[in-house]
Amino acid sequence: SQTIHQWPATLVQPVGSPLSLECTVEGTSNPNLYWYRQAAGRGLQLLFYSIGIDQISSEVPQNLSASRPQDRQFILSSKKLLLSDSGFYLCAWSVGGRGGGYTFGAGTRLTVV
Amino acid sequence: DAKTTQPNSMESNEEEPVHLPCNHSTISGTDYIHWYRQLPSQGPEYVIHGLTSNVNNRMASLAIAEDRKSSTLILHRATLRDAAVYYCMYGRDDKIIFGKGTRLHILP
């Protein structure tokens, strides 16, 4: 069966420090991968999505970047965190196609202080 | 963007059916309609999805309007554990854009 792993679960980082959040999927090949962010009390905002290795689309220009070094690995990064980067970050995968369902990871709660 | 419209919040009594509406007037003929729900501090959880025909699974039923411009998620017998934010969306170009969702309150 397919599983998605996301870590760490919580993270407290100072302003200006770098960020690296990792997401891996098991049990499937060539998944579509996604990074979402949810600010406190807000909805889910799509940040990046990827349909293959090194194929990444950015939805919202901001202080973050994403990379997909392997088929089932998706990394969210920042060189210098801002206070506004605080939020709940979620990784998700799907098999692609309009009928494909999405499976979400447990999320990382990032607090920038 | 793939835009949906849902009520901000709804309330229901425990053990009664709940009908959560969603409008998606810009949906195209091949876009599937998806419903997810999110409990506090958790990632969204898949509930159900469909294309044209009504769909049933162990969690809920999905009723899709004939013109596909709206749909309704039906929880047949709400429990306190069903209290969550329910998102209706449809996929386009391999990505799903979430709307603001409906916060469902269940009254004991």
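These lines cover the structure that appears in this document, whether it is placed above or below. (Residues numbered from 1 in each chain as written. Chains lettered and ligands numbered in written order. Predicted model: local features only at pLDDT ≥ 70, side-chain atom pairs only at ≥ 80, totals over all residues. Heavy atoms only, no water.)

Some words on the pairing of strand β2 (residues 18-23) of chain B
Residues and elements named next belong to chain B. On β2, burial follows the alternation: Val-18, Leu-20 and Cys-22 on one face are buried, whereas His-19, Pro-21 and Asn-23 on the facing-out side are not. Where β2 meets strand β7 (residues 70-75), six bridges bridge the pair, whose relative direction is antiparallel. By the bridge assignment for β7, Asn-23 is matched with Ser-70. (Buried < 20%, exposed > 50% of the residue type's maximum accessible area, 1.4 Å probe, protein only. Helix = DSSP H or I, 4+ residues; strand = E, 2+ residues; numbered from the N terminus. Pairing = 2+ DSSP bridges.)

Focus on the sheet that holds strand β6 (residues 61-64) of chain B
All names here are of chain B. Strand order in this open sheet of four strands is β2-β7-β6-β5, and the pairing throughout is antiparallel. Each edge of the open sheet carries a strand with a single partner, namely β2 and β5 (55-56). Relative to β6, β5 is paired through two bridges, and the arrangement is antiparallel. Paired with Asn-56 across the strands is Ser-61, a residue of β6.

Notes on the state of the cysteines
Counted under the stated rule, the structure contains two disulfides over all chains. Covalently, Cys-23 of chain A is tied to Cys-91 of chain A through a disulfide, its sulfur atoms 1.9 Å apart. Every disulfide takes its handedness from the sign of the S-S torsion; for Cys-23 of chain A and Cys-91 of chain A that torsion is -75°, giving left-handed. Highlighted residues: Cys-23 of chain A in strand β3 (residues 19-26) and Cys-91 of chain A in strand β9 (residues 87-94), separated in sequence by 68 residues. Like Cys-91 of chain A, Cys-23 of chain A is buried. Paired through a disulfide, Cys-22 of chain B and Cys-88 of chain B show a sulfur-sulfur distance of 2.0 Å. Judged by the torsion about the S-S bond (-70°), the Cys-22 of chain B/Cys-88 of chain B disulfide is left-handed. Taken as a pair, Cys-22 of chain B in strand β2 and Cys-88 of chain B in strand β8 (residues 84-92) lie far apart in primary sequence, 66 residues in all. Of the two residues, Cys-22 of chain B and Cys-88 of chain B, neither departs from the other in class, the shared state being buried. (Disulfide = S-S within 2.5 Å.)

Some details on the pattern of salt bridges
Between side chains of opposite charge, a pair can form when the charged atoms approach closely. By the definition in use, this model includes five salt bridges over all chains. Asp-85 of chain A serves as the salt-bridge partner of Arg-37 of chain A, at 3.6 Å between the closest nitrogen and oxygen. Of this pair, Arg-37 of chain A sits in strand β4 (residues 32-38) while Asp-85 of chain A sits in the loop between β8 (73-78) and β9, and the two are 48 residues apart along the sequence. Neither Arg-37 of chain A nor Asp-85 of chain A differs from the other in exposure class; each is buried. For Glu-15 of chain B, the salt bridge identified is with Arg-77 of chain B, shortest N-O distance 3.3 Å. Separated by 62 residues along the polypeptide, Glu-15 of chain B in the loop between β1 (9-13) and β2 and Arg-77 of chain B in the loop between β7 and β8 bring together distant segments of the chain. Overall, Arg-77 of chain B belongs to the exposed group, its relative accessible area being 55%. A single network of salt bridges, built from pairs that share partners, joins Arg-37, Glu-45 and Asp-82 of chain B. (Salt bridge = Lys/Arg side-chain N within 4 Å of Asp/Glu carboxyl O.)

Note that all results are geometric; they support no functional claim without further evidence.
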